[in-house]
Amino acid sequence: MKIRVRFAPSPTGYLHIGGGRTALFNWLYARHTGGTFILRIEDTDAARNSQAAVDVILDGLRWLGLDWDEGPLTGDATGPSKGDRGPYFQSQRKENYQRRVEALLSRGLAYEHEGAIKFRMPREPVLIPDLVVGDVLRKLTDREEMDPDFVLVRSDGQPVFHFVNVVDDLEMGITHVIRGEDHLSNTSKHIALFKAFGVEPPKYAHIPLILNADGSKMSKRDRGASLSTYTDEGFLSEAVNNYLCLLGWSPKDNIEKMALADVVGRFDLPQILRHNAKFDFEKLVWLQGEYCRELAPDRFYELGVHALAKAGLDTNALPVAYVKSALDTCRGKIKTFAELPAYAGFYFRDAIAYDPEAAKKGFVPENKPRLEKVRDAFSQLAAFDAASLEGSLKAVAAELGVKVGVLIHPTRLACTGNPHGPSLYHLLEVLGKEKVLQRVEQALPLLG
């Protein structure tokens, strides 16, 4: 049996991190088994749907690198890219649902009720064999005992989630349904529908929910709940994928940092944990830092330039060598690219904005003659490289009888506006002699 799995989100305007994790687990299982991963947009609710909402899903999955294997062609039919295939849309499959509901009506398994069509739900308990949760026996609640039947098609003609979900899984040959545990309560209805159509249901694997660190349910207002958080804040998709793998799945050997290709070889449904996963944003940031530190220089440069442009810092007018040298001083120093404009924006701005608290401490009268000495020493340097700058600053400190740190802080503040940042000697080398002397000169009047 060839494995066929699907991710079937509703276009609600954002992609929840739990949805991203569900898509990832389905994709991993398909790739691990040599199976097929299908993307299906559940857009039967026309009032809530928009192309923008669909694009959020598609862009999020593409950013995560989760390619799907089937779907209608959207471009050149001869194109080699899987990106030429769009997802399936339920709104384009209405004839299938109509045909299936007529089949149920003709066999007395469904009936019309106040303009809607309802399914005759079996009264006996339904056994749900689950590959993660284990066997679950679903009995009717006291309320359901009164009327266990449920709507398949509303009075306005719109088919409901339970019905279209089952019809599509049946007709697409889905073998495994991997989804969040919050859907477990629906599964007895789905199993009953499959049996009404005379087919065996797929195997179910309900994966644990993602909760906030305090154990509360993660809503879209919570930090980290929306996948757009990570694209907006400059995270790497490989770091986010790695962290999502650890939310509800364990490789059993306590390895935490794993490339997605390695996870594909290890991933299997029996390793999915039973208990809910708690989202630890700090752990994700740590993983992000690890991946960011290992980035190839060209990719660091590309992502860095993009992050600067997003913050309004255009590097196009500057020499490429200067931009690369500036960004090289930031490698291993930042965790997310959203930090870069604040950390290194001074390289790309003519006007310096001084940190108020740092200026209060560093721009004091006793530092003025010291900074003047630094300016004079720097102006005499024939070679303006990191080693020469370090030697020059230490020589000034020795002449003044102070520790070199006493000079480093006001010099950094004058040249960058910040109390912290890249290595001082290397950032001075990148800025160059003319710009450094100019910035020190501009700062001196502020020291009294």
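Preceding this section is the structure that the text describes.
A brief report on the enclosed structure follows. Keep in mind that this is a model prediction, so the values were computed, not measured.

### Observations concerning the overall build of the protein chain
The helix and strand tally for the protein chain stands at 19 helices and twelve strands. Radius of gyration (C-alpha) of the protein chain: 30 Å, far over the 22 Å computed for a compact globule of 448 residues. Over its C-alpha atoms, taken along the principal directions, the protein chain stretches across nearly 100 × 45 × 40 Å. A total of 448 residues make up the protein chain; the buried ones form 51% of that total. Pairs at least 24 apart in sequence give 73% of the contacts found in the protein chain among residues at least 6 apart. Summed over all atoms, the accessible surface of the protein chain reaches about 21,100 Å², with 51% contributed by carbon and sulfur. Within the protein chain, one finds 56 positive and 59 negative side-chain charges whose respective centroids are separated by 2 Å.

### Let's talk about the side chain of Asp 43
Residue position: Asp 43 is located in the loop between β2 (36-41) and α2 (51-64). No salt bridge forms around the buried Asp 43; measuring N to O, its nearest opposite-charge neighbour Lys 94 is 8.3 Å away. Within the structure, Asp 43 has its side chain in polar contact with the backbone nitrogen of Gln 90 (distance 3.1 Å). One polar contact links Asp 43 to Ser 91, side chain to side chain, over a distance of 2.6 Å.

### Comments concerning the pattern of salt bridges
Summed over all chains, the structure comprises 26 salt bridges. Arg 93 is the salt-bridge partner of Asp 168, the closest N and O atoms lying 2.8 Å from each other. You can see Asp 168 sitting in helix α5 (residues 161-171) and its partner Arg 93 sitting in the loop between β3 (88-89) and α3 (94-106), a full 75 residues away along the chain. The residue Lys 373 makes a salt bridge to Glu 399 at a minimum N-O spacing of 2.8 Å. In this pair, Lys 373 is assigned in helix α15 (residues 367-379) and Glu 399 in helix α16 (residues 386-400), connecting sequence segments 26 residues apart. Take Lys 373: its relative accessible area is 34%, and that puts it in the partly exposed class. What makes Glu 399 exposed here is its relative accessible area of 53%. The structure contains a network of salt bridges with shared partners spanning Arg 6, Arg 40, Glu 42, Arg 93, Arg 99, Arg 100, Asp 168, Asp 169 and Glu 171.

### Considering the side chain of Thr 416
With respect to the element layout, Thr 416 can be found in helix α17 (residues 404-416). If we ignore the near neighbours within four places in the chain, the residues touching Thr 416 are Phe 346, Ile 352 and Leu 427.

### Looking at helix α12 (residues 320-328)
Note that an α-helix has 3.6 residues per turn; residues three or four places apart therefore point the same way. Restricting attention to buried positions, one finds in α12 the residues Tyr 322, Val 323, Ala 326 and Leu 327. One face of α12 carries all of its buried residues, which in axial projection span an arc of 125°. At its buried positions, α12 is contacted by α11 (297-310), α13 (340-344), α18 (424-431) and α19 (433-443).

### Some remarks on the sheet that holds β2
The strands making up a sheet are joined through hydrogen bonds of the backbone, oriented either antiparallel or parallel. The parallel open sheet is built from three strands, whose spatial order is β1-β2-β3. Because the sheet does not close on itself, it has two edges, and the strands there are β1 (4-7) and β3. Strand direction decides the pairing type here: β2 and β3, joined by two bridges, are parallel. Its bridge partner being in β3, Ile 41 is matched across the sheet by Phe 89. α2 contacts β1, β2 and β3 of the sheet and is inclined by roughly 160° relative to β2.

### Focus: the sheet that holds strand β5 (residues 116-119)
Spatially, three strands are ordered β4-β5-β8 in an open sheet, and the strand pairing comes out antiparallel. Every other strand in the sheet has two partners, leaving β4 (110-113) and β8 (150-153) as the edge strands with one partner each. Within this sheet the neighbouring strands show an average axis-to-axis angle of 45°, counted without direction.

### A closer look at the layout of surface pockets
As a volume, the largest pocket reaches approximately 1,100 Å³. Looking at the lining of the largest pocket, the elements with two or more residues in it are β1, α1 (17-33), α5, β9 (176-180) and β11 (210-211). At five residues, the largest contribution of residues to the lining of the largest pocket is made by α1. Residues belonging to the lining of the largest pocket are distributed by class as follows: 17 nonpolar, 14 polar and nine charged. By volume, the second largest pocket amounts to about 350 Å³. Contributing to the lining of the second largest pocket are 19 residues, with Thr 231, Gly 234, Phe 235, His 306 and Phe 337 lying nearest its centre. Top contributing element to the lining of the second largest pocket by residue count: α11, with five residues.

### Let's talk about the packing of α5 against helix α6 (residues 187-196)
For the pair α5 and α6, interaxial distance at closest approach is 10 Å and the crossing angle is 50°. Classified by the angle their axes make, α5 and α6 are oblique. Crossing of α5 against α6: the hand is right-handed. The residues of α6 that touch α5, namely those facing Phe 161, His 162, Phe 163, Asn 165, Val 166, Asp 169 and Leu 170, are Lys 189, His 190, Leu 193 and Phe 194.

### Let's talk about unusual backbone geometry
Its identity as a non-glycine residue notwithstanding, Glu 114 has a phi of 50°, on the positive side. Note that Glu 114 resides in the loop between β4 and β5. With relative accessibility at 73%, the residue Glu 114 sits in the exposed group.

### Quick look at the packing of α16 against α18
The relative placement of two packed helices comes down to the angle between their axes together with the axis-to-axis distance. Running from amino to carboxyl end, α16 crosses α18 at an angle of 120°, the nearest separation of the two axes being 8 Å. Relative to α18, the element α16 is oriented oblique. Judged by the twist between their axes, the crossing of α16 over α18 is right-handed. Contacts between α16 and α18 involve Ala 386, Leu 389, Glu 390 and Leu 393 from the former and Leu 424, Tyr 425, His 426, Leu 428 and Glu 429 from the latter. Of the residues in the contact of α16 with α18, the class split is six nonpolar, one polar and two charged.

Criteria and thresholds
- Residues numbered from 1 in each chain as written.
- Predicted model: local features only at pLDDT ≥ 70, side-chain atom pairs only at ≥ 80, totals over all residues.
- Heavy atoms only, no water.
- Helix = DSSP H or I, 4+ residues; strand = E, 2+ residues; numbered from the N terminus.
- Rg over C-alpha atoms; globule rule 2.2 N^0.38 Å.
- Buried < 20%, exposed > 50% of the residue type's maximum accessible area, 1.4 Å probe, protein only.
- Contact = heavy atoms within 4.5 Å.
- Areas by Shrake-Rupley, 256 points an atom, 1.4 Å probe, with all protein chains shown as cover.
- Lys, Arg positive; Asp, Glu negative; His and termini not counted.
- Charge placed at Lys NZ, Arg CZ, Asp CG, Glu CD.
- Salt bridge = Lys/Arg side-chain N within 4 Å of Asp/Glu carboxyl O.
- Polar contact = N/O pair within 3.5 Å; in protein donor to acceptor, adjacent residues only side chain to side chain.
- Arc of directions from axis to C-beta.
- Pairing = 2+ DSSP bridges.
- Axes fitted to C-alpha atoms, helices over the stretch in contact; angles between N-to-C directions.
- 1 Å grid on protein atoms, 1.4 Å probe; cavity = no way out; pocket = protein on both sides within 12 Å on 5 of 7 lines; lining within 4 Å.
- Points joined across faces, edges and corners; volume = space filled by probe spheres on them.
- Nonpolar A, V, L, I, M, F, W, Y, C, P; charged D, E, K, R; others polar.
- Parallel < 35°, antiparallel > 145°, perpendicular 65-115°, else oblique.
- Left-handed = near helix turned anticlockwise from the far one by under 90°.

Shape descriptors only; they carry no functional weight alone.
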